[in-house]
Amino acid sequence: MSAAALEVRDLTVRFALAGGRHRVLQAVTNVGFTLPRGETLGIVGESGSGKSTIARALLRLVPASAGVARFRGVDLLALEHEPLRAMREHLQIIFQDPLASLDPRMRVAQIIEEPLLEFRPRLNAQARRTLVLAMMERVGLLHSHLNRYPHEFSGGQAQRIGIARALMLEPELLVCDEPISALDVSIKSQIANLLKDLQKQLHLSVLFIAHDLAAVRFSCERVLVLYLGRVMEIAPRDALFSAPHHPYTRALLQSVPIPDPRRARARGGAPLGGEIPSPLAPPSGCVFRTRCPIAEARCAEQVPELRTVGDSKVACHRAGEPGLNL
Amino acid sequence: MSSTPLLKISELSVGYPSRAGTTRALDRVSLDLSPGEFLGIVGESGSGKTQLLLAMLGLNAQGAQLAGSISYRGHELVGASQRTLASVRGRRIGMIFQDPMTALNPYLTVGTQVTEGLRLHQKLGRKAAWRRAIELLEAVQIPEPERRLGQHPHELSGGMRQRIVIAMALICEPDILLADEPTTALDVTVQAQILALLRELRTRTRAAIVLVTHDLGVIAEVADRVLVMYAGRVVEQAGVEELFSSARHPYTLGLRRSIAELDGPLPERLPSIGGNPPNPAALPAGCAFAPRCAQAFERCLGTPPPLVSVAPGHARACYFEGKLEVSAP
């Protein structure tokens, strides 16, 4: 067994658009990363950055146009129908909207039991029930919830049901697509704690997709920053939050409201201007250059390669320049 | 603040009767709003924060029963005629909604939508309205305003659409700008831009701004004074610095502590508030927060605690007198 649970190289996802034969939207371009076994990798970026498309491509919910995703010794992106179906046992996902991801006509017991019916056909009803109850306890659901329907639950409880279903087969890799962003503030931290506990207890390798940077800091060991489908920076958590090397990472961190009025108001400085450009017409060279406070002429001409600066890997021509004041 | 309030809400309640009984969306909420003030209202889903904004505009859903008083410059808005409400709405009190896409008509150009208000409320002619529309778009820092006026909402980014919605709320130079989660649907870099714009507008126009949000971080960035709502009631109100430095309600403190931060020591676990937000259709008899509160004792289960002053400009609705702890049962 290698130390990496998942190794992604040069992942590219293109969508052909209706209306015009040559209209192609490139949502993800040459994305690569390694997820070490038992770790959590955060993928952050604003809407349109391609973070959910990466998750969907890895789970084969949308077709990848190019790339390799090595998982359990095979390339996920090249698997045929039947081996892919078998592989899903090891590869599960938790969605953003917990209620929308649960079948409203199924009872909680049926929802959590369904993966067992599919992948553990030899278990009898009593064995399944035992496993379901143990998992419910683990995620903080009560036995009395067994026969209820999803609509009877609040968002946080519904997310617990989604987590129980995803973990029922003891997957190796768990993809969490914005798992706490739709929840009420007082519930977010409950679910963030639960996911972290489960990750440790079950030695899960987790891809944690989120736009909430503080939640990513709490949940992840490594962080990948995406912009317009490209990797801007990958770094260990502490390096990324204390010494970001990409001007976009820096701008993202500075945009997050500080929950302390004195510090928030002392911060000063104008926010990053502009908005993420259309992926139909990405800027030449570095895609971030149209909003970048330190862009130069070469940034319009050359696409910056991902290179090592300090503890980070950064795609910026100017990263690491001495005296550079981001 | 000693100046006469622009808006005075007293003991406002909003209920929705149904066969199963009345759902209490808002329960005896009082607040004063001074000219030029930036008031933040924070609460989770079901806290009543949106119902409160809608009541100020007379826009609660049909069947809503309102009691109490909303006085705008001495004019009573509760029970007022549609004509009175219409003259206040839009003209004196502007509204910014959460989702700029649904607040705009997808079939009409930006120019048609912005000038509609100008021609209706300000009785401007076509050309004058167009000129004023350009000024308004400039005021909300939209580049190339003339070109934007000819575009449809779908041609604009989310941040640009929200700027248009803000420009429309400014048409009649309102005294009060209500904003319901105006940045929740936006990306974080765009949120920072819109919050900076709202701060700047408040300084420039002297309009009072009421911003409703679930995000204490947003409150810390912009508000002067804060109301914390839970289950239709105000549970704490204070100046923004005081609220963050010395919260006196266990719910406020729990919210404050449960926010993950970008710097400082990384906790092994995030402090959290146990349990779930209450169902507005089935509230407990006493304090609605009691089932989730580490400090709850017998008295909390009886009658709900009234909002009581604990320091100048600082009030809370809680019976507990000792030192607050965060951990929940």
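Residues numbered from 1 in each chain as written. Chains lettered and ligands numbered in written order. Predicted model: local features only at pLDDT ≥ 70, side-chain atom pairs only at ≥ 80, totals over all residues.

A. Focus on the overall build of chain B. Counting its secondary structure elements, chain B contains 11 helices and 12 strands. The C-alpha radius of gyration of chain B comes to 21 Å, within 12% of the 20 Å expected for a compact globule of 329 residues. Across the 329 residues of chain B, 50% fall into the buried class. When contacts within chain B are restricted to residue pairs at least 6 apart in sequence, long-range pairs at least 24 apart make up 65% of them. (Helix = DSSP H or I, 4+ residues; strand = E, 2+ residues; numbered from the N terminus. Rg over C-alpha atoms; globule rule 2.2 N^0.38 Å. Buried ≥ 20, exposed ≤ 12 C-beta atoms within 10 Å, placed from the backbone. Contact = placed C-beta atoms within 7 Å.)

B. Quick look at the nonpolar core. Grouped together as the largest cluster of nonpolar side chains are 193 residues, with contacts concentrated most on L207 of chain A together with I176, L178 and V210 of chain B. In terms of residue count, the dominant contributor to this core is helix α7 (residues 158-169) of chain B (7 residues). If we ignore the near neighbours within four places in the chain, the residues touching L178 of chain B are L53, M56, I93, G94, M95, I96 and V210 of chain B. (Core = buried A, V, L, I, M, F, W, Y, C linked by C-beta atoms within 7 Å.)

C. Molecular detail of the environment of F153 of chain A. Residue and element names in this part refer to chain A. Here F153 lies in the loop between α4 (125-139) and α5 (155-167). With 20 C-beta atoms counted inside 10 Å, the residue F153 sits in the buried group. Not counting the four nearest positions on each side in its chain, F153 is found in contact with A158 and I161.

D. Layout of the interface of chain A and chain B. The partner chain B presents 39 residues to the 35 residues of chain A that form the contact. Those elements that place two or more of their residues in the side of chain A that touches chain B are α5, α6 (185-201), α7 (213-219), α9 (247-255) and α10 (261-266) of chain A. If you tally residues by element for the side of chain A that touches chain B, the top one is α6 of chain A, at 7 residues. Along the lines of polarity and charge, the residues of the side of chain A that touches chain B split into 19 nonpolar, 10 polar and 6 charged. (Nonpolar A, V, L, I, M, F, W, Y, C, P; charged D, E, K, R; others polar.)

E. Molecular detail of the sheet that holds strand β5 (residues 74-75) of chain A. Residue and element names in this part refer to chain A. In spatial order, the strands read β2-β1-β4-β5; together these 4 strands make up an open sheet with antiparallel pairing. Each end of this open sheet is capped by a strand with a single partner; those strands are β2 (24-36) and β5. Alignment of strand β1 (residues 4-16) against β2, held across 9 bridges, turns out to be antiparallel. Bridged to L11 within β2 is V31. Helix α1 (residues 51-58) rests against β1, β2 and β4 (66-71) of the sheet, and its axis sits at about 70° to β2. (Pairing = 2+ DSSP bridges. Axes fitted to C-alpha atoms, helices over the stretch in contact; angles between N-to-C directions.)

F. Structural detail: the pairing of strand β8 (residues 208-213) of chain B. All names here are of chain B. With 6 of its 6 residues buried, β8 lies for the most part within the structure. What you see with β8 is no split at all: A208, V210 and V212 on one side and I209, L211 and T213 on the other are buried throughout. The pairing of strand β3 (residues 38-42) with β8 spans 5 bridges and is classified as parallel. Within β8, the residue paired with G40 across the bridge is L211. Bridging between strand β7 (residues 176-180) and β8 involves 5 bridges; their strand directions are parallel. In the strand pairing of β8, A179 is matched with L211.

G. How the structure looks around helix α8 (residues 188-205) of chain B. An ideal rise of 1.5 Å per residue puts 26 Å on 18 residues; α8 of chain B measures up with 25 Å between its terminal C-alpha atoms. For α8 of chain B, the full list of buried residues reads V188, T189, V190, Q191, A192, Q193, I194, L195 and L198 of chain B. (Expected span 1.5 Å × (residues − 1).)

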